[in-house]
Amino acid sequence: MSDLLQVTTVSKHFGGIKALTDVSFTVRKGEIFGVIGPNGAGKTTLFNALTGLYQPDTGAIDLAGVSLYRRKPHEILKAGFARTFQNIRLFHNMTAQENVMVGRHTRTTSGVLAALLHTQHNRREERDCAAFAQQLLDRVGIGQHTHTLAKNLSYGDQRRLEIARALASEPKLLALDEPAAGMNPNEKNALRDLMVSLREEGLTLMLIEHDVKLVMGICDRLVVLDYGEKIAEGTPDIVRHDPKVIAAYLGGEVAA
Amino acid sequence: MDIFAQQLVNGLVLGSVYALVALGYTLVYGILELINFAHGETTMMGSMIALAVIGALFGVAPDLPGILIVLAGLLVAIPACMLLGYSIERVAYRPLRHAPRLAPLITAIGMSIVLQNVAMLIWGKQYIAFPTTLLPQGRHDVFGASITDVQIAILVLTVTIMAGLVTLVNRTRLGRAMRATAQAPAVAQLMGVNVNRVISATFVIGAALAAIAGVMVSANYGQAHYYMGFLLGLKAFSAAVLGGIGNLAGAMLGGLLLGVIEALGAGYIGDLTGGFLGSNYQDIFAFLVLILVLTLKPSGLLGSRSVERA
Amino acid sequence: MNVLEILRGKAWLTAGLLLVGLILLPFLVEASLGKSWLRIIDFALLYIMLALGLNIVVGYAGLLDLGYVAFYAVGAYCWALLASPHFGLNLPFWVILPVGAAVAALFGVLLGTPTLRLRGDYLAIVTLGFGEIIRIFINNLNAPVNITNGPQGITSIEPISIGGFSLGKTQEVLGLTLSSPHLYYYLFLLCVALVVFVCMRLENSRIGRAWVAIREDEMAAAAAGINTRNIKLLAFAMGATFGGLSGGLFASFQGFVSPESFNLMESIMILSMIVLGGMGNIVGVIVGAILVTVIPEALRYTGDLQQAVFGKVFVDPADLRMLLFGMALVLMMLLRPSGLLPSKQRRQELAEDAA
């Protein structure tokens with residue numbers, strides 16, 4: 001498998017606090033790549049630095065040969081790197097379909113003039129975009145909620161909608177920040193099936209997750225962060241037996 | 001006479017007034033995230049009420065010491081404004097606490113219009129003179145600037161009030177409740193804080209400061225007017241934002257800074273632009289500085305930089 | 001069967017009736033309320049355009065702009081300078097109108113750029129500052145070079161003239177004698193229709209969705225691929241364009257402009273129109289603009305009411321009307337915190353809360 005994302009010595013500090021220190025790893029095309037670590041290890045900060053919400057201080061980030069270092073979030077999305085948020089960030093007063101259509105912003109082109117004149121291009125684009133959004137809603141399992149306002153969806157459905165919105169940009173790499181948080185076992189299973197089938201379609205996934213069983217079961221490889229530094233990288237088996245990882249988790253969950 | 005020193009003094013006096021009014025904005029904003037647009041009008045009401053009392057008392061008992069008459073005006077204006085501040089919150093803001101964010105802004109504007117026009121109906125459209133002869137007329141030379149007794153009184157009073165307010169917020173039970181409510185109203189309520197009472201108290205304290213500022217400004221400039229609260233409120237709010245809204249020290253710093261910048265700007269604008277712009281551009285300074293500061297530091301001088309969590 | 005039921009589902013019939021009603025309105029108003037009210041409905045139309053323009057910035061994109069009147073001023077002064085004896089220019093309206101709108105749009109971008117990083121109330125105060133700065137400049141740019149004629153303003157502005165047909169004087173049309181405000185009414189109505197059309201098209205477009213997304217959650221919008229800087233500037237520019245357009249029309253209609261027409265209170269009034277009517281909802285904004293324009297005018301009649309009830313006039317109605325208007329503003333907001341006609345999202349939400 002070829003490399004898709006190359007992260008090289010990325011660092012980020014806030015004031016005197018080092019949130020990330022020289023983090024390097026590689027995500028290969030077509031794999032599910034886990035990012036784990038104790039609370040406050042810098043996992044979400046890493047996602048934010050990768051997707052342009054924070055400016056990293058140093059380092060290099062390349063996606064399929066394109067540098068994403070210090071690019072704007074929308075440029076990073078356009079390059080093919082989409083994400084979801086740990087604390088679900090939907091457009092609450094927009095319908096599910098509209099949320100997904102916004103996610104397709106970079107793959108559509110109609111501007112003010114096209115909208116005013118209702119050009120043929122604009123009409124086709126709108127129609128296609130709406131249909132595509134509906135497909136994605138079906139795909140993540142909330143196809144019946146097309147016109148429901150995002151804020152009126154259940155918690156689990158909101159998580160799915162966020163995934164659909166991210167998928168709307170047809171990314172090469174999708175980063176999910178604790179997608180299973182707050183889900184019941186049934187919802188978790190559905191989520192796992194969704195991730196596996198997305199991978200089968202050729203999508204590469206990155207995953208921050210606290211549910212160790214889920215991560216160990218689904219990820220091909222993992223990187224483990226502790227205090228903003230990488231302490232291990234490899235397959236679940238290797239990581240599980242790494243003494244540094246066991247120490248970081250106080251020999252608790254991971255070994256179990 | 002040294003122009004720089006003189007304008008500095010004038011600026012500090014003006015800035016003291018701004019700071020006191022700005023504190024009212026910032027206290028309320030800190031707790032409710034609401035721009036109390038009617039606060040400028042509360043200040044105006046403070047001026048007007050005090051002037052009415054002073055005028056009446058002077059008419060009845062002209063032999064009383066002037067300072068006592070002015071003090072009486074102040075002592076009536078303060079509770080009157082406190083009551084006004086309390087009523088404004090109850091009528092215009094409390095019912096809308098969970099409404100869309102802009103709704104209370106519009107009621108605030110409505111209240112502001114109401115107060116202006118009430119004042120106009122009661123006191124008329126003309127400027128009302130402050131009988132400045134009641135106050136000490138002394139002038140002192142300090143570093144080349146001429147400073148009046150009234151100005152000294154304003155500066156001393158402002159410093160005293162600020163110190164008192166800081167003590168209140170940091171050292172008392174009420175202050176602790178206010179800080180808790182500002183941080184997390186729901187949690188404060190669970191911990192037994194009577195949030196409604198705290199909010200009322202905040203408005204009342206802000207209104208008392210506004211009343212004092214209103215009397216100060218009319219004593220310093222010798223007049224009051226039903227429309228004076230508008231621009232004063234605007235400048236004071238700008239001062240609060242400049243310092244970082246919600247932050248007490250920020251409001252004080254912002255107010256003083258704005259006053260000084262305005263006074264120096266008015267004094268030097270002609271020289272700075274080679275005579276191109278005159279002192280009629282004085283009001284521009286407040287806004288230019290504000291825009292400049294916020295462009296460089298989006299949450300104000302002392303505002304905590306809120307790192308948004310992703 | 002009532003009228004509403006007959007009209008249900010017959011969009012063309014409804015639109016036709018509305019059109020006929022709007023065409024007849026000035027005749028009815030002039031006959032029943034008099035000429036001064038014809039001017040008032042003309043102003044209501046101008047304010048509808050302004051409110052719809054501001055609605056793009058505040059209602060759609062969620063950017064609280066308290067200096068919107070600056071763009072109105074820019075448009076008005078553009079017109080005043082290009083079609084008055086002040087500079088001895090008299091360019092035709094089809095030149096001035098685009099120039100005014102373009103200059104206003106440019107100001108929109110210029111003033112919008114420094115505010116891009118600001119949020120909420122910080123944005124409000126900075127836009128307010130810009131509004132005041134522009135007004136202060138207009139007020140003082142009569143020296144050393146007389147550009148704006150200072151506080152006196154610019155007078156004798158040419159009325160709009162279309163192919164030799166001047167809207168500034170009474171004209172015979174199809175056997176009817178139409179006064180200048182009457183003629184302007186139709187022009188303004190046409191412009192309002194255009195602005196409404198633009199808003200409706202934009203509302204349901206890729207750009208419109210991007211605006212709302214930014215209003216809802218700017219960071220998520222950026223992560224969803226929206227170039228927030230450009231899309232926000234676009235909102236400022238679009239809003240400013242409408243402001244500039246209304247300003248130009250205002251200048252030619254009024255015949256003179258002076259700085260006092262463009263103070264902060266005016267910005268606040270326009271904002272209250274959209275909040276009162278229902279932010280983000282075109283019909284709501286229109287209703288809000290009409291109410292905020294008409295109520296203060298209607299309140300001039302409280303003198304007659306006092307006469308009728310008390311037998312004498314206690315308070316000069318001119319002094320009383322703003323007081324009553326302020327009260328009305330507070331009351332209407334207390335009764336309808338989401339505005340008179342909330343946007344469709346808000347309606348759906350209210351319906352679901354009730355269900």
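If you're wondering where the values come from, they're calculated on a predicted model, not measured in any experiment. (Residues numbered from 1 in each chain as written. Chains lettered and ligands numbered in written order. Predicted model: local features only at pLDDT ≥ 70, side-chain atom pairs only at ≥ 80, totals over all residues. Heavy atoms only, no water.)

**Side note on the overall build of chain B**
For chain B, the count of helices and strands is eleven helices and four strands. The C-alpha atoms of chain B give 20 Å as radius of gyration, which agrees with the globular expectation for 310 residues (19 Å, within 12%). Its C-alpha atoms put chain B at 55 × 55 × 35 Å along the principal axes. Put simply, chain B has 310 residues, and 56% of those count as buried. Of the contacts formed within chain B by residues at least 6 apart in sequence, a portion of 76% connects residues at least 24 apart. Carbon together with sulfur atoms contributes 66% to the accessible area of chain B, which is approximately 13100 Å² in total. (Helix = DSSP H or I, 4+ residues; strand = E, 2+ residues; numbered from the N terminus. Rg over C-alpha atoms; globule rule 2.2 N^0.38 Å. Buried < 20%, exposed > 50% of the residue type's maximum accessible area, 1.4 Å probe, protein only. Contact = heavy atoms within 4.5 Å. Areas by Shrake-Rupley, 256 points an atom, 1.4 Å probe, with all protein chains shown as cover.)

**A few points about the overall build of chain C**
In terms of helices and strands, chain C carries 15 helices and six strands. Here the C-alpha coordinates of chain C stretch approximately 65 × 60 × 45 Å along the principal axes. In chain C, buried positions account for 58% of the 355 residues. Summing over all exposed atoms, chain C offers an accessible surface of approximately 14600 Å²; the carbon and sulfur share of this is 68%.

**Describing the confidence of the model for chain B**
Residue and element names in this part refer to chain B. Of the residues in chain B, 95% reach a pLDDT of 70 or more, and the chain-wide mean stands at 88. At the low end of the mean pLDDT range in chain B sits helix α11 (residues 282-296), at 81; at the high end sits helix α3 (residues 66-93), at 94. Contacts for the low-pLDDT stretch residues 305-310, under 50 throughout, to residues beyond four places or in other chains number 15 contacts. (pLDDT = per-residue confidence, 0-100.)

**Focus: the pairing of strand β2 (residues 139-142) of chain B**
Residue and element names in this part refer to chain B. As paired strands, β2 and strand β3 (residues 145-148) are joined by four bridges and run antiparallel to one another. Bridge pairing links Asp141 to Ser146 in β3. Connecting β2 to the next strand, β3, in antiparallel fashion are two residues, including Phe143 with a positive phi near 45°. (Pairing = 2+ DSSP bridges.)

**Remarks on the sheet that holds strand β9 (residues 221-226) of chain A**
Paired through backbone hydrogen bonds, the strands of a sheet run either parallel or antiparallel to each other. Residues and elements named next belong to chain A. Taken in spatial order, the six strands of this open sheet run β6-β7-β8-β3-β9-β10, and their pairing is mixed. With partners counted over all chains shown, the strands left at the sheet margins are β6 (81-83) and β10 (229-234), one partner each. Here the strands of the sheet are splayed against their neighbours by 20° on average, with no regard to which way each runs. Pairing geometry for strand β3 (residues 32-36) and β9, over four bridges, is parallel. (Axes fitted to C-alpha atoms, helices over the stretch in contact; angles between N-to-C directions.)

**Some words on the confidence of the model for chain C**
Residues and elements named next belong to chain C. Confidence along chain C averages 86 in pLDDT terms, with 94% of residues attaining 70 or more. Mean pLDDT across the secondary structure elements of chain C bottoms out at helix α15 (residues 344-354), with 55, and peaks at helix α8 (residues 206-216), with 95. Reported confidence for the predicted complex is 0.92 by ipTM and 0.88 by pTM.

**Notes on the pairing of strand β8 (residues 204-208) of chain A**
All names here are of chain A. Burial runs high along β8: five of the five residues are buried. Burial along β8 is two-sided: Thr204, Met206 and Ile208 and Leu205 and Leu207, pointing in opposite directions, are all buried. Strand direction decides the pairing type here: strand β7 (residues 173-177) and β8, joined by five bridges, are parallel. Along β8, the bridge assignment pairs Leu174 with Leu205. Taken together, β7, helix α7 (residues 185-200) and β8 form a β-α-β motif whose crossover is right-handed. (Right-handed = clockwise from strand over helix to strand, strands pointing away.)

**A short note on the state of the cysteines**
Residues and elements named next belong to chain C. Taken as a whole, this structure holds zero disulfides over all chains when the rule is applied. For the unlinked cysteine Cys78, the closest cysteine sulfur is that of Cys191, found at 16 Å. Exposure remark for Cys78: the relative accessible area of 14% places this residue in the buried category. (Disulfide = S-S within 2.5 Å.)

**Focus on the packing of helix α3 (residues 96-103) of chain A against helix α5 (residues 120-140) of chain A**
All names here are of chain A. Viewed as axis vectors pointing N to C, α3 and α5 meet at an angle of 110°, and their least axial separation amounts to 9 Å. The angle between the axes of α3 and α5 places the two elements in the roughly perpendicular class. Crossing angle aside, the handedness with which α3 passes α5 is right-handed. In this structure, α3 contributes Ala96, Gln97, Val100 and Met101 to the contact, and α5 contributes Glu126, Cys129, Ala130, Ala133, Gln134, Leu136 and Leu137. (Parallel < 35°, antiparallel > 145°, perpendicular 65-115°, else oblique. Left-handed = near helix turned anticlockwise from the far one by under 90°.)

**Re the domain arrangement of chain C**
Residue and element names in this part refer to chain C. By domain assignment, chain C separates into domain 1 (1-32) and domain 2 (36-279). The gap between the C-alpha centroids of domain 1 and domain 2 is 29 Å. The interface is formed by seven residues belonging to domain 1 together with ten residues belonging to domain 2. Carbon and sulfur atoms make up 77% of the surface buried where domain 1 meets domain 2, a total of about 720 Å² over both sides. When the area that domain 1 buries against domain 2 is broken down by residue, the three leading residues are Pro26, Phe27 and Val29, summing to 56%. Run the count over domain 1 and domain 2 and you get zero salt bridges. (Domains from an automatic or database assignment. Buried area = accessible area lost by both parts, 1.4 Å probe. Salt bridge = Lys/Arg side-chain N within 4 Å of Asp/Glu carboxyl O.)

**Focus on the side chain of A:Asn93**
Residue placement: A:Asn93 occurs in the loop between β6 and α3. Among the polar contacts listed, one links the side chain of A:Asn93 to the side chain of A:Lys151, at a separation of 2.6 Å. (Polar contact = N/O pair within 3.5 Å; in protein donor to acceptor, adjacent residues only side chain to side chain.)

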